[in-house]
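Read off the chains here:
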Amino acid sequence: MTQNSEYAIEVHNLTKHYKGLSAVDNISFTVKKGEVFALLGPNGAGKTTTVEIIDTIRKPTSGKVILLGMDVTRNKYTIIPRIGVLPQGFSSFDRITVKETLQFYSRLFCRRKTDINALMALVNLKDKVKVKYKNLSGGLKQRLGIAVALVNDPEIVFLDEPTTGLDPRARRAVWDVLLGLKKKGKTIFLTTHYMEEAELLADTVAIIAKGKITAMGSPGELIENNADYLVILLKSVDENVFEIVQKMGFLPVYDSHGDIRVRLDHTDDVRRLLNAVEAGGASFNGLDVRKPNLEEVFLKLTEETLLEGSAGIKEAK
Amino acid sequence: MNLHIINTTIIHANIIWANIIVSIKSFYREKTVVFFRIAFPVILILVFGTIFMERDNEIFDLSVQDLDRTTSSEKLVEAIRLSKRFKITPVSPAADAEQYARINKRNLMVIIPKDFEMSMMQKMGPGDIGIPVSLTKLYDPSAFGVTTKIGVLDMVLAGINQEMSGKPPLIVSEPVSILKKKYRFIEFFVPGIIAMAVMTASLFGAVNVNAELRQKGVLRKLSTTPITRIDWILSNVLYQFILAVVSTAVMLLVSYIVFNVSLEINAWLVVFVALDVFSFVGLGMILTRVAREAESAAAAADALMFPMMFLSGTFFPVEMMPEFLQKFAKVLPLYYVNEGLRASMVAADHMAALKCALIIGVFAGVVFILGIMITKLDGETT
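Thresholds applied
- Residues numbered from 1 in each chain as written.
- Chains lettered and ligands numbered in written order.
- Predicted model: local features only at pLDDT ≥ 70, side-chain atom pairs only at ≥ 80, totals over all residues.
- Heavy atoms only, no water.
- Helix = DSSP H or I, 4+ residues; strand = E, 2+ residues; numbered from the N terminus.
- Buried < 20%, exposed > 50% of the residue type's maximum accessible area, 1.4 Å probe, protein only.
- Contact = heavy atoms within 4.5 Å.
- Domains from an automatic or database assignment.
- Buried area = accessible area lost by both parts, 1.4 Å probe.
- Salt bridge = Lys/Arg side-chain N within 4 Å of Asp/Glu carboxyl O.
- Nonpolar A, V, L, I, M, F, W, Y, C, P; charged D, E, K, R; others polar.
- Pairing = 2+ DSSP bridges.
- Axes fitted to C-alpha atoms, helices over the stretch in contact; angles between N-to-C directions.
- Polar contact = N/O pair within 3.5 Å; in protein donor to acceptor, adjacent residues only side chain to side chain.
- Core = buried A, V, L, I, M, F, W, Y, C linked by side-chain atoms within 4.5 Å.
- Left-handed = near helix turned anticlockwise from the far one by under 90°.

The next thing to look at is the overall build of chain A. Per the secondary structure count, chain A includes eleven helices and 15 strands. Considering only C-alpha atoms, chain A reaches an extent of 75 × 45 × 35 Å along its principal axes. For chain A, buried positions account for 53% of its 317 residues. Of all intrachain contacts in chain A linking residues separated by at least 6 positions in sequence, the fraction that spans at least 24 positions is 69%.

Structural data, given as structure tokens:
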């Protein structure tokens, strides 16, 4: 055991097969104590399998996970009291109230001193004390799930897609709770497919696709190391712009505001593109040239993996 | 607080208790579940008890068509009436007997022939040529219980015959009960209903709760807490046992108040209820694990429950069934709960109860251990 290690989580060559299919394919990474770590990936990338092996729900096919200095497959019942888990699609007993649910989980951990009121205040559920679980909205259920994950005052908190399926307001409410935990210095392991969530909360982001980690680092590092291209945004365009850009061999996309976004691999392409639009008699009212954001980096990295079938680990750290 | 030592008995007892509290709260907050668990078996006892209470002192309906209409034929009808076993409905001599029976749904009708009195005079006089006076019994062979009714009529007629002959009977039989008290059908029925109600509630309770919690992901969440498989199964068993004790107490109370049943209540009752719960919660746990979907687990529970309900002697004695079904009944665990409960509650036969308890005890043990071995809280499929 390496209890005094600076790492809360160490994952070594982790692999998980389901009936011949590889859900997690020989991944390795570490999470420092007090760090917020986000595992970011599209649906079916292997996020949940990875987190469920680390938080003791599943067993790996091969590889090793060291949690707080202990091998998870051999020390499940020693590790469990020291971690808190919000599994994907958290659910609880329908006819049990918010307060009773927290009391129940607190009793499972034999915690007599858990401050249930403080927990309910933390997740902003104090006015729902007597509401039964089945009568809570999706966002409130997730917040209760987070509170349940905290009843044993864990050293590491695992949150598997904590905001999936929530409306923007409920998502922000959950983020506020997570930011509060971050301030308290908890080690948080988060899986998500929302870029802004990872960008807002995480110190370190690992991008996973097809069971492999394709890039890892802080959000800034990921952008820096993978932004080997530019993004040009043409605002308030007329109909011809899209066609002109496409004819040049670029891949224009409309965003939600109706503006056109184009990925350019070379700086010279900016002038070439603008000249072509002008020569074609098309017009636009605004222009923005910038480096890609995390979402664009994510799309690039996961698309590459999906196209190539495999990709090497790009360690940014 | 030392949370590292999680596998101690005290901590496990706390976990089991916490689970039981949540289960009980979930139970009483769902009124339909309370109805089916507590009220339904009571309704069964009330309905079947009322039906069969009548049967214990049953007075049969009997239609009589007197074609002779003489003093002798009227005396015969009166003699049948005086036996107090039949309520007689006279049928007009002008009526077509078969048509009457069909239209009025009469399953047994006695027709006194036109020359009845004359035949009786001949029979009792010096000119008797040894031919008995004949009545016609018109009956519907498809009617339930008609053979019993014919048997009772024959018995009454035999009594009248013997009385008319003026000679004492050559052979008589004296009924001696093997039981210490006089028992009625309801005393047979109540232990069977207790066994069946505990079985269905335990089996479906375990299947429904576990399948639902697994599908919703609650079991996956529980697998990230200190609760173990043994804690989980034990809390399921104890919760079902508490409900079974309450339900049994209510069933017995109603049976005493409404039917004034005479049943022995002793420690065997608790033993058999506990073994019933252990067996069928364990079986439910196995079904939940083997059948992947909640619906298929419930269907599998149905497939197990129905043969047991009808072939284990819950509603009628196993001895009424054909021999091969009697042999089949003896491989059904509920048969031994039924037999054991009746041995202790009706016959007060402790040796027979012990024998049944040992058999169902072995079954409960095997099923419980298998349940622990194959139950998983984490939803891992491989």
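Once that is clear, we can look at the domain arrangement of chain A. Taken domain by domain, chain A holds domain 1 (7–224) and domain 2 (228–290). The distance between the C-alpha centroids of domain 1 of chain A and domain 2 of chain A comes to 41 Å.

Let us now look at the interface of chain B and chain A. Contact with chain B, which involves 32 residues of that partner, is made by 38 residues of chain A. Regarding the contact of chain B and chain A, the summed buried area is about 3400 Å², with carbon and sulfur atoms giving 60% of it. Counting every contact that joins chain B to chain A gives five salt bridges. For the salt bridge of R29(B) with E100(A), the shortest nitrogen-to-oxygen distance reads 2.8 Å. Counting residues per element, the ones that place at least two in the side of chain B that touches chain A are α1 (9–28), α7 (185–216) and α8 (218–222) of chain B. Here the side of chain B that touches chain A is built from residues that sort into twelve nonpolar, eleven polar and nine charged.

Moving on, we get to the sheet that holds strand β4 (residues 136–139) of chain B. Strands pair in a sheet through their backbones, by hydrogen bonds, and they do so in one of two ways: parallel or antiparallel. Residue and element names in this part refer to chain B. Taken in spatial order, the four strands of this open sheet run β2-β1-β3-β4, and their pairing is mixed. Edge strands, defined here as strands with exactly one partner in the open sheet, are β2 (86–91) and β4. Looking at each pair of strands side by side, their axes are set apart by 30° on average, direction ignored. When strand β1 (residues 60–66) meets β2, the two strands line up parallel, connected through six bridges. For S63, the partnering residue across the bridge sits in β2 and is T89.

Note that F316(B) resides in the loop between α11 (294–311) and α12 (323–329). Between the C-alpha atom of F316(B) and that of V34(B), which follows or precedes it by 282 residues, the distance is 27 Å.

So, about the sheet that holds strand β5 (residues 70–71) of chain A. Residues and elements named next belong to chain A. Strand order in the open sheet made by the four strands is β2-β1-β4-β5, with antiparallel pairing throughout. For this open sheet the edge positions go to β2 (21–32) and β5, each flanked by a neighbour on one side alone. The pairing of strand β1 (residues 7–18) with strand β4 (residues 62–67) spans five bridges and is antiparallel. When the bridges of β4 are listed, V11 appears paired with V65. The sheet strands contacting helix α1 (residues 47–54) are β1, β2 and β4, and the helix crosses β1 at an angle near 125°.

Another point: the side chain of S344(B). Residue and element names in this part refer to chain B. For S344, the location among the structural elements is in helix α13 (residues 333–345). One polar contact links the side chain of S344 to the main-chain carbonyl oxygen of L341, over a distance of 3.1 Å. Here S344 is in contact with E264, N266, W268 and A353, once residues within four sequence places are set aside.

This part takes up the pattern of salt bridges. Counted according to the given criterion, the structure contains 16 salt bridges over all chains. When the shortest N-O distance is used, the salt bridge between E52(A) and R58(A) registers 2.5 Å. The pair formed by E52(A) and R58(A) is uniform in burial state, with each residue classed as buried. Here E78(B) ties to R81(B) by a salt bridge, and the two come within 3.2 Å at their closest N and O atoms. Here E78(B) and its partner R81(B) are both found in helix α3 (residues 71–82), three residues apart, which amounts to about one turn of the helix. Judged by its relative accessible area of 40%, R81(B) is partly exposed. Residues participating in the shared-partner salt-bridge network are E52(A), R58(A) and R220(B).

In this section: the nonpolar core. If you look at the biggest cluster of nonpolar residues, it comprises 133 residues, and the most contacted ones within it are F93(A), L102(A), Y105(A), I146(A), I194(B) and L222(B). Here this core gets 17 residues from one element, more than from any other, and that element is α7(B). Contacts of I146(A), omitting those with residues within four sequence positions, involve L86(A), V123(A), L159(A), V174(A), V177(A), L178(A) and L181(A). Listed in part, the 29 residues of the second largest apolar core include I9(A), L14(A), F158(A) and I208(A).

Another aspect to go through is the packing of α7(B) against helix α10 (residues 267–290) of chain B. Residue and element names in this part refer to chain B. In contact at an axis separation of 8 Å, α7 and α10 are set at 30° when each is read in the N-to-C sense. As α7 packs across α10, the resulting crossing turns out to be right-handed. In this structure, α7 contributes I194, A195, V198, M199, S202, L203, A206, V207, N210, A211 and R214 to the contact, and α10 contributes V273, D276, V277, F280, V281, L283, G284, M285, L287, T288 and R289. Taken together, the residues of the contact of α7 with α10 break down into 15 nonpolar, four polar and three charged.

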